[in-house]
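Next come the chains, spelled out residue by residue.
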Amino acid sequence: MVSKDTERSRREFVKAAVAIGGASALSACTDRLPGGGPDAPSGSDPASRPARQYAWDGALPTDDAGNVRNARHHVLLLLDLPGDGTPSAGDREAVGTVLDDLDRAYEWSADGLLFTVGYSPFYFDRFDADLPGNVDLPEPEALSSFEDPVLEDPDAVLHLASDHGPVVLAAEEALRGNREEANGQSFGAALTDAFEVRDRRTGFVGTGLPAQHQDVEGVPDDEPVSEDAPLYMGFKSGFKKNQATEDRVAISQGAFADGTTQHVSKLRLRLEDWYGEQDHENRVAEMFCPAHAEEGKIPEGGTGESLGTDSGMDDCQDPSESAREHGRVGHSQKMATDAREDDSPLIIRRDFDSTDDGQATLHFVALHEAIADFAETRKAMNGEELTENPAIRQRVNNGILEYTFVRRRGNYLLPPRSLRALPTPTGAGE
Ligand code: HEM
């Protein structure tokens, strides 16, 4: 039997390897795993895969309550096409080949590999034609009065996710042309035949991982992140009833039907006061709502599993009432009031934490039918109108705004699988 300590140090090692990346990290990582690393389950014919690239919910495991649990290890690659022109037929063929090979290499699951590729408005600007009117893909912009993010303009973004660090690394190495096979599947092309890699972001989400990586700027030195926490801030997120469904975020018709739009932001976390000045009850009040704190809905030491599949926002007051009565409002409480349709959020969250740049970071990956849905959701988080109450300031007593700082924003279109290789704006071939 593997001891808990051995298992823990193995997991820490894999996480560190994902962050470092590259062939040496991969071989160091697989060398350390029993039998050279787990062989992941093999993939399948690309034609048998779901039409929606983002159809991950059915492929991910669920927790005891039935909430979809995100994969534990993630990599985002930001990609540029060299030059100003439209992609060539050769570029398109290379990208198509490599993504098909990735489908064949790994099972569509958290034990295998889940991935999406999305294209920015700057990519589509390369063409004379416009995107169809029902695709909302504006250039990124600042979404609050108190942020000044880098507005990102790569051509594309690739998101890789798996429960196994070595799987993400091996897939990335094959995509970058640094190895010719992954999981026994040979690759007929590399993504880098067409693209240059502009930036690489890595991360993790799930019980134990944030605690193991809390030796980072933005988290106090006394290791306040609990072993049970799936995210640095200590609570579970992504309850079933507080996520949009994949149907809701689908583009419903036209050339990009079964596609969706994606917002990728990078938030720096500064958790000194979150942990230094607040106790558990205060943190529940600011993350969920003051009523949850008062009623002990999340017992001390808990991360939110006591809530089941629903963050229980019906039991919170209206945010303005919380402001009057308690002098503060919770993050989830604000989110669940506006930016909803038919009692559902407008977005699916697939965010994960990171130690990129040596700083506690959140890569917030969100899916929605239109980028406007994300903007509306972020407006709810800003809670500007709540500052009419003098107890609530723009960033103080206003959910988690005091601890989260937006550094970068980018917008992308995830086309349906059939158009995932360098699509034209009309979806037609060239
Ligand atoms: C460190 C940053 C963040 C953390 C730790 C966090 C955590 C949470 C938690 C614990 C919940 C309640 C439980 C649940 O997921 O259902 C929640 C709800 C939610 N959050 Fe966040 N969140 C963060 C940032 C954001 C951002 C940047 C957005 C988007 C602008 C966002 C959008 C939402 C939405 C839409 C909900 C569900 C609201 C509903 O029920 O309608 N969150 N978040």
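Residues numbered from 1 in each chain as written. Predicted model: local features only at pLDDT ≥ 70, side-chain atom pairs only at ≥ 80, totals over all residues. Heavy atoms only, no water.

## Details of the overall build of the protein
To keep it simple, the criterion reads: For the purposes of this entry, the term helix denotes a DSSP run of H or I that reaches at least four residues, the term strand denotes a run of E that reaches at least two, and both are numbered from the N terminus. The atom set for the radius of gyration is the C-alpha atoms, and the globule formula is 2.2 Å times the number of residues raised to the power 0.38. Note that His is not counted, nor are the chain ends; the positive residues are Lys and Arg, and the negative ones are Asp and Glu. Charged side chains are reduced to one point each, which is NZ for Lys, CZ for Arg, CG for Asp and CD for Glu.
The helix and strand tally for the protein stands at 13 helices and 14 strands. Here the C-alpha atoms of the protein give a radius of gyration of 21 Å, agreeing with the 22 Å that 2.2 N^0.38 yields for 430 residues. Principal axes of the C-alpha set define a box for the protein whose edges measure 65 × 60 × 35 Å. Between the centroid of the 42 positive side chains of the protein and the centroid of its 79 negative side chains there is a distance of 2 Å.

## Focus on the coordination of the iron atom of the ligand
For the record, the criterion: Distances decide who is a donor: an N, O or S atom must be within 2.8 Å of the metal, or within 3.2 Å for Na, K and Ca. Water is not included, so sites may look incomplete.
Among protein residues, the single donor to the iron atom of the ligand is H331 (NE2), with a metal-donor distance of 2.2 Å. Relative to the elements of secondary structure, H331 occurs in helix 12 (residues 331-335).

## A few points about unusual backbone geometry
Most of the time, phi is negative for any residue but glycine, and the peptide bond is trans. Rules: Per-residue accessibility, obtained with a 1.4 Å probe over protein chains only, is compared with the maximum for each type, and a residue is labelled buried under 20%, exposed over 50%, and partly exposed between these values.
Phi angles above zero are rare outside glycine, and D343 is one such case at about 65°. Along the chain, the position of D343 falls in the loop between strand 9 (340-341) and strand 10 (344-345). By relative accessible area, D343 is classed as exposed at 59%.

## Topic: the nonpolar core
We count it as follows: Among buried residues, the Ala, Val, Leu, Ile, Met, Phe, Trp, Tyr and Cys ones that are joined through side-chain atoms within 4.5 Å form a nonpolar core. Between two residues, a contact is recorded if the distance between any of their heavy atoms is within 4.5 Å.
Judged by nonpolar contacts, the single largest core of 54 residues is most densely connected at Y232, L271, W274 and F288. If one sorts the elements of this core by residue count, strand 13 (residues 361-368) sits on top with four residues. Those residues within four positions of W274 in sequence are excluded, and the remaining contacts are M233, F235, R283, E286, M287, I400 and Y403. Counting 53 residues, the second-largest nonpolar core is a separate cluster that includes L60, L102, A174 and F187.

## As for the site of the ligand
Where we set the bar: If even one non-hydrogen atom of a residue comes within 4 Å of a molecule or strand, that residue is called near it. Under this definition, polar contacts are N or O atom pairs within 3.5 Å; protein pairs additionally need one hydrogen-donor-capable and one acceptor-capable atom, and for neighbouring residues in sequence, both atoms have to be side-chain atoms.
Neighbouring residues of the ligand: 26 residues in total, closest G238, N242, H331, R340 and R349. The contact in question runs from an oxygen atom of the ligand to an N or O atom on the backbone of G238, over 2.6 Å. Between the ligand and N242, the relevant distance is 2.8 Å, taken from an oxygen atom to a side-chain nitrogen or oxygen of the residue. When contributions to the shell around the ligand are tallied by element, the ones reaching two or more residues are helix 12, strand 13 and helix 13 (371-382). Broken down by element, the shell around the ligand gets its largest block of residues, four residues, from helix 13.

## Topic: the packing of aromatic side chains
What counts, and what does not: Ring pairs shown here join Phe, Tyr and Trp side chains whose ring centres sit within 6.5 Å, with only the six-membered ring taken for Trp; geometry is labelled stacked below 30 degrees between planes, edge-to-face above 60, and tilted in between. Whether a charge sits over a ring comes down to the Lys NZ or Arg CZ being within 6 Å of the ring centre and within 35 degrees of the ring normal.
Scanning all chains against the criterion turns up nine aromatic pairs. Note on Y123 and F124: the rings are 5.0 Å apart at their centroids and 80° apart in plane angle, and the pair reads as edge-to-face. The pair formed by Y123 and F124 is uniform in burial state, with each residue classed as buried. Aromatic side chains F124 and F256 sit 6.3 Å apart centroid to centroid with 80° between the ring planes, which places their arrangement in the edge-to-face category. With F124 in helix 4 (residues 121-124) and F256 in the loop between helix 7 (246-249) and strand 8 (260-269), this pair connects stretches of sequence that are 132 residues apart. This pair shows no difference in class: F124 is buried, exactly as F256 is. An aromatic cluster of at least three residues, connected via ring pairs, comprises Y119, Y123, F124, F127 and F256. Here the guanidinium or amino end of R417 rests over the ring plane of W108, the centre of that ring lying 5.0 Å away.

## A look at the confidence of the model for the protein
Definition in use: pLDDT: the predictor's confidence for each residue, scored from 0 to 100.
Looking at the protein, the pLDDT average stands at 94 and 93% of residues meet or exceed 70. Taken as a whole, residues 31-37 scores under 50 in pLDDT and shows ten contacts with residues more than four places along the chain or in a different chain.

## Some thoughts on the side chain of S322
Here S322 lies in helix 11 (residues 319-326). A polar side-chain atom of S322 sits 2.5 Å from a polar atom in the side chain of Q333.

## Digging into helix 3 (residues 89-105)
Definition in use: How far a helix is expected to stretch is found by multiplying one less than its residue total by 1.5 Å.
Helix length check: helix 3 (17 residues) gives 24 Å between terminal C-alpha atoms against 24 Å at 1.5 Å per residue, within 8%. Buried residues along helix 3 sit in contact with strand 2 (114-119), helix 4, strand 4 (156-162), helix 5 (165-175), strand 5 (181-182) and strand 6 (185-186).

## A few points about the pairing of strand 13
We count it as follows: Here, a strand pair is defined by DSSP locating no fewer than two bridges between the strands.
The buried count for strand 13 comes to eight of eight residues, which makes it a mostly enclosed element. Pairing geometry for strand 8 and strand 13, over eight bridges, is antiparallel. Paired with S265 across the two strands is F364, which belongs to strand 13. In the sheet, strand 11 (residues 348-349) pairs with strand 13 via two bridges, with the strands oriented antiparallel. Bridged to R349 within strand 13 is A366. One ladder, built from three bridges, connects strand 12 (residues 352-354) with strand 13; its direction is antiparallel. Paired with D353 across the two strands is L362, which belongs to strand 13. Here strand 12 folds back onto strand 13, and the loop between the two strands holds six residues, one of which, D357, carries a positive phi near 60°.

## With respect to the pattern of salt bridges
Spelled out, the test is: By definition, a salt bridge exists where a carboxyl oxygen of Asp or Glu is found within 4 Å of a side-chain nitrogen of Lys or Arg.
The tally for this structure, following the rule as stated, stands at 29 salt bridges. Among the ionic pairs, D342 bridges to R248, the shortest N-O distance being 3.2 Å. With a gap of 94 residues between them, D342 in the loop between strand 9 and strand 10 and R248 in helix 7 connect regions that are remote in the sequence. On the basis of relative accessibility, which here comes to 23%, the residue R248 falls in the partly exposed class.

## Topic: the side chain of K334
With respect to the helices, strands and loops of the structure, K334 is situated in helix 12. Lacking a salt bridge, the buried K334 has E385 as its closest oppositely charged neighbour, with an N-O distance of 8.2 Å. Discounting chain neighbours no more than four positions away, the residues touching K334 are P319, V329, A380, M381, G383, L386, N398, G399 and L401.

## Quick word on a negative patch on the surface
Note the following rule: Patch construction takes residues with relative accessible area above 30% that form no salt bridge. Like charges are linked within 9 Å, and nonpolar side chains (Val, Leu, Ile, Met, Phe, Trp, Tyr) are linked within 5 Å. Methods summary: accessible areas were calculated by the Shrake-Rupley approach with a probe of 1.4 Å, and residue burial reflects only the protein chains presented.
On the surface, D279, E281, E294, E300, D318, E321, E325, D338, E376, E384, E385 and E388 cluster together into a negatively charged patch. Note that E376 resides in helix 13.

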